[in-house]
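Architecture at a glance
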Amino acid sequence: MAEYAVVDPATGETIKTYPTITDEQLDAAVGRAHAAHAGWGRDTAVEDRATIIRRIGELHTERRDALAAIIGREMGKPVEQALGEVDFSAEIYGYYADRATSLLADEPIELLDGEGSAFIRRSSLGLLLGIMPWNYPYYQVARFAGPNLLLGNTIVLKHAPQCPESAEAIEQLYRDAGLPADAYINVYATNDQIETVIGDRRVQGVSLTGSERAGAAVAEIAGRNLKKVVLELGGSDPFILLAADDLDAVVEAAVDGRMENGGQACNAAKRFIVIDELYEPFVEKLTAAISQIQPGPASSADTTLGPLSSTAATDRLEEQVKRATEQGATLRTGGERDGNFYGPTVLTDITPENDAYGEELFGPVASVYKVGSEDEAITLANDTDYGLGSYVFTTDADQALRVADRIEAGMVFINAVGAESAELPFGGVKNSGFGRELGRFGADEFVNKKLIRVVA
């Protein structure tokens, strides 16, 4: 199989292949993007950059149907969810365009002593490398490229090998919005080639969204070469249920939080930690609700669960669930496979000795745990190598904030799922990575916060 190809995950049909860039072409692309920084980052006014970023968002909206269809072909995202991803991406570009001046405004510093003044002036770093995953082909690029292009950085971007068509569409959309050709260059590069790019002295920083293994490899190379890195890696996010006035509404949120994008989201609710008095009714209602979901073709507006992204992804999930049950977990529903369609699944009775206790299950599988107290819930929630997102459901506002303070994660959502927004910073701790994207903090990662001290 070609390194870069559109392969319909539902059928295994190879729709189109794309040639991998040569070493010479890649070096030239890095050189062009590096050279473009002088004009884009230093000679272009922030207002002019904002105009182009805004237009990028507008073009996402204008081309939403075509863009959505592409990722349905590439990774099996149901069309309504694909349209939602395109719309969210448009919002991100609009957010940064609308706030360009304030995000880059000088920040005064109150002097403790002496005359004159001091302030921080934000400016671009230069050329950045982006390494993007397949599960949100447009959104992942938007949250990295949107703020960094606004800052004046230039970008070489390596997308996932199964997303060449969406990568091509993004680059064309940027060109059509008026972005200089060399300010953003898409490359179909191999992992070995990208290792060389990370170490290239012309590259000033690297952002990766992907697996824990990929993040460790990138961070190691970047560290040896003294490069700034932002990593958004895996997650095994807890959904803690301690009290409920409306259990049906909580179950609906649980289904949405686990099944969106086929369960293939780093920050999806994956481990459902339920207080003992609600455990049995919650499991019963969750199992019934999940059992009603039928996988279907990505192109249908009625489909809420499409195929998994690839045969490899389905093989891995199938093996994980099989191993979990062999090690003592109870299969409440699901576990069936039809090609790359994997039935929604509920697992209970997972002990710490079970491999599934510490693994990230990247697909439509909900793992449910019973706890006897708030403290036990927090201990279980934190008993993971990951620390990306988390969800707390309770009717007690004081309890909600108390639990949120004790959860080891980069994000806590109280009584809500799917509440992400362009202004809210996204990122994690522990093995889920470091750095933040989106919001004000996302525009403050790859930037030179230059101190300017003036003595009158």
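Just so you know, these numbers come straight off a predicted model, no measurement behind them. (Residues numbered from 1 in each chain as written. Predicted model: local features only at pLDDT ≥ 70, side-chain atom pairs only at ≥ 80, totals over all residues. Heavy atoms only, no water.)

Before going further, it helps to spend a moment on helix α6 (residues 139-151). Its 13 residues place the ends of α6 19 Å apart at the C-alpha level, agreeing with the 18 Å of an ideal helix rising 1.5 Å per residue. The sharpest bend along α6 reaches about 30° and sits at A145, with the proline P147 one to four residues further on. For α6, the tally of buried residues reaches 13 of 13 residues, placing the bulk of the element in the interior. Residue G152 follows α6 closely and has a positive phi angle near 110°. (Helix = DSSP H or I, 4+ residues; strand = E, 2+ residues; numbered from the N terminus. Expected span 1.5 Å × (residues − 1). Bend = angle between axes of the 7 residues up to and from the residue. Buried < 20%, exposed > 50% of the residue type's maximum accessible area, 1.4 Å probe, protein only.)

The next point concerns the packing of helix α3 (residues 64-75) against helix α7 (residues 164-177). Packing of α3 against α7 brings their axes to within 8 Å, and their N-to-C directions diverge by 155°. By the angle class used here, α3 and α7 are roughly antiparallel. Taking contact as the criterion, the partners of L67, I70, I71, R73 and E74 in α3 are, on α7, P164, E165, S166, A169 and L173. (Axes fitted to C-alpha atoms, helices over the stretch in contact; angles between N-to-C directions. Parallel < 35°, antiparallel > 145°, perpendicular 65-115°, else oblique. Contact = heavy atoms within 4.5 Å.)

Moving on, we get to the sheet that holds strand β3 (residues 107-108). The strand order across the open sheet formed by three strands is β3-β4-β22, and the pairing between neighbours is antiparallel. Bordering the open sheet on either side are β3 and β22 (447-454), each of which pairs with just one other strand. Bridge count between strand β4 (residues 117-124) and β22: eight bridges; the pairing is antiparallel. In the sheet register, F119 faces β22, and the bridge partner there is I452. (Pairing = 2+ DSSP bridges.)

Along an α-helix, a turn takes 3.6 residues, which lines up residues three or four apart on a common side. The end-to-end C-alpha distance of helix α1 (residues 23-42) is 29 Å, a good match for the 28 Å that 20 residues give at a rise of 1.5 Å each. At A36, α1 is bent by approximately 35°, the largest bend along its length. Buried within α1 we find L26, A29, V30, A33, A36, H37, W40 and G41.

Moving on, we get to the pattern of salt bridges. Scanning all chains against the criterion turns up 29 salt bridges. Between D176 and R63 there is a salt bridge, with the nearest N and O atoms lying 2.8 Å from each other. Taken together, the positions of D176 in helix α7 and R63 in the loop between α2 (46-62) and α3 put the pair 113 residues apart, joining distant regions of the chain. Between D87 and R64 there is a salt bridge whose closest N-O contact spans 2.8 Å. (Salt bridge = Lys/Arg side-chain N within 4 Å of Asp/Glu carboxyl O.)

Let us now look at the side chain of N135. Position of N135 among the secondary structure elements: in the loop between β5 (127-131) and α6. A distance of 3.2 Å separates a polar side-chain atom of N135 from the backbone oxygen of Q264. With sequence-adjacent residues up to four places away left out, N135 is seen in contact with M75, K77, E85, Q140, N261, Q264, A265, C266 and F362. (Polar contact = N/O pair within 3.5 Å; in protein donor to acceptor, adjacent residues only side chain to side chain.)

Glancing now at the pairing of strand β1 (residues 4-7). Residues Y4 and V6 line one face of β1 and the alternating positions A5 and V7 line the opposite face, and both faces are buried. Hairpin remark: β1 followed by strand β2 (residues 14-18), antiparallel, with six residues in the connecting loop; positive phi at G12, about 80°.

Below, the discussion takes up the pairing of β5. Burial analysis of β5 places five of its five residues in the buried class, which makes it a mostly covered element. Residues L127, L129 and I131 point to one face of β5 and L128 and G130 to the other, with burial holding for every one of them. As paired strands, β5 and strand β6 (residues 154-158) are joined by five bridges and run parallel to one another. By the bridge assignment for β6, L127 is matched with T154. For the handedness criterion, the β-α-β arrangement of β5, α6 and β6 is classed as right-handed. Examined bridge by bridge, β5 and strand β8 (residues 203-209) share five bridges and lie parallel to one another. By the bridge assignment, G130 is partnered in β8 with S207. (Right-handed = clockwise from strand over helix to strand, strands pointing away.)

By the element assignment, L247 lies in helix α10 (residues 247-259). When the C-alpha positions of L247 and L424 are compared, they lie 27 Å apart, and in sequence the two are 177 residues distant. Each residue touching L247, except ones within four places of it in the same chain, is listed here: L241, P281, F282 and K285.

For the rest of this paragraph, the subject is a negative patch on the surface. Taken together, the side chains of D245, D246, E252, D256 and E260 make up a negatively charged region of the molecular surface. The topology assignment puts E252 in helix α10. The exposure class of E252 is exposed, given its relative accessible area of 52%. (Patch = residues over 30% accessible without salt bridge, like charges linked within 9 Å, V, L, I, M, F, W, Y side chains within 5 Å. Areas by Shrake-Rupley, 256 points an atom, 1.4 Å probe, with all protein chains shown as cover. Lys, Arg positive; Asp, Glu negative; His and termini not counted. Charge placed at Lys NZ, Arg CZ, Asp CG, Glu CD.)

Right, let's get into the sheet that holds β6. What the six strands build is an open sheet, ordered β7-β6-β5-β8-β9-β21; its pairing is mixed. Every interior strand has two partners, whereas the edge strands, β7 (184-187) and β21 (433-434), have only one. Where strand β9 (residues 228-232) and β21 come together, two bridges link them in antiparallel fashion. The residue of β21 that forms the bridge with E232 is G433.

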